[in-house]
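Chains, contacts and geometry: an overview
One-letter residues, chain by chain:
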Amino acid sequence: MATGVKVSTAKWAGVTKSVEGDIAKASTRTMDVVTVGLKGELRDQVLKAGMGTKLANTWRGRRYPVSGESIAPAAFVFSKAPEIIDAFDRGVAIRPVNGQRYLAIPTENVPRATAGPGVRGGTHRMTPAEGETYFNQDLKFLTAKNGRLIAYIDAVGGFAPTILGQPMPTFRRATPKQLGRYYRTGKAFKRAVRVAMFILTPTAKLPKRFDVDAAARHWVGQVEPIFTRNLSALS
């Protein structure tokens, strides 16, 4: 007659379930902290780089599962402007496209053009074509260092009040009379001057402003100590 011994852990089922519940709660709380912390650090990088709250707030964070608790939760932190973030994270070089030889980088002298119908956002610096139309003259060019060119116009300087009432230098198109008087005598009442509008360069390298990997490594390293504290708090 066969004999046997039955061993059961049934009486420990309740303890096991309780322990699993504590682990799930501590794990989920940990991932909540990591998600918020990593998102906050990445937003701070953007703000410290002086690139504004709009770009900073493109960083978003989600914890999975979205609701409830899990022994193995996960955090997903991402930007809704990945191309911009990646460019300044890697410090990429920008080159002309569509057969163009130069990139046109506007100077502070370039007027702002109001966004067109249906375009969200504020204003942008005029493009070279818009600048030529605005001043009713073709851009002229001077050779600069490192294969660059300076695109300029002949304009008359003046001042216009800003919103705060402070004078701000502005430029307007020089008339043929002003140009002729200046070039003949150099004594026009308001002399036409060369105003640099664009720097034309074959390539431009963006400065590295962010370090996404460093922020990620920092918060991955915080998972274990945060989890340990959260689990100890439940004991």
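Just so you know, the residues in each chain are numbered from 1, in the order the chain's sequence is written. Selection of residues for local features in this predicted model requires a pLDDT of at least 70, selection of side-chain atom pairs for listing and counting requires 80 or more, and totals for whole chains, interfaces and linings are taken over all residues. To get the side-chain values, take all heavy atoms of the structure and skip hydrogens and water.

pLDDT expresses how confident the predictor is about each individual residue, on a scale running from 0 to 100. When pLDDT is averaged across the protein, the result is 82; 74% of the residues are at 70 or more. Contacts are assigned to residue pairs that have any heavy atoms within 4.5 Å of one another. Long-range and interchain partners of residues 159-169, a stretch whose pLDDT sits below 50, account for 12 contacts in this model, where long-range means more than four residues apart. Counted against residues more than four places away or in other chains, residues 181-189, with its pLDDT under 50, gives 9 contacts.

As a further point, take the nonpolar core. In plain words, nonpolar cores are sets of buried Ala, Val, Leu, Ile, Met, Phe, Trp, Tyr and Cys residues tied together by side-chain atoms within 4.5 Å. For every residue, the accessible area (1.4 Å probe, protein chains only) is compared with the maximum for its type, and the residue is labelled buried under 20%, exposed over 50%, or partly exposed between those bounds. Counting 21 residues, the largest nonpolar core has Leu38, Leu42, Val46, Leu55, Trp59, Ile85 and Phe210 as the members making the most contacts within it. The set of elements that each furnish at least two residues to this core consists of α1 (13-48), α2 (52-56), α3 (82-90) and α6 (212-221). For Val46, the contacting residues outside a window of four places in its chain are Met51, Gly52, Leu55, Ala56, Trp59, Ile85 and Phe210. Listed in part, the 13 residues of the second largest apolar core include Val110, Leu139, Leu149 and Ala151. Numbering of helices and strands starts at the N terminus; helices are DSSP runs of H or I of at least 4 residues and strands are runs of E of at least 2.

Here we take up the side chain of Asp154. Among the structural elements, Asp154 can be located in strand β8 (residues 149-161). With a relative accessible area of 4%, Asp154 lands in the buried category. At 3.3 Å, the side chain of Asp154 and the side chain of Lys140 are in polar contact. Identification of polar contacts relies on pairs of N or O atoms within 3.5 Å, with a donor-acceptor requirement for protein atoms, meaning one able to donate a hydrogen and the other able to accept it, and with residues adjacent in sequence counted only if both atoms are side-chain atoms.

Here we take up unusual backbone geometry. At the junction of Tyr64 and Pro65, the peptide bond is cis and its omega measures out at 0° in the coordinates. For Pro65, the location among the structural elements is in the loop between β1 (59-64) and β2 (74-79). Of note in the backbone geometry, Asn98 takes a positive phi value of approximately 55° without being a glycine. Position of Asn98 relative to the elements: it lies in the loop between β3 (93-94) and β4 (103-106). Its identity as a non-glycine residue notwithstanding, Asn136 has a phi of 55°, on the positive side. Assignment of secondary structure puts Asn136 in the loop between α4 (128-135) and β7 (140-143). In this structure Asn136 comes out as exposed when scored by relative accessible area, which is 56%.

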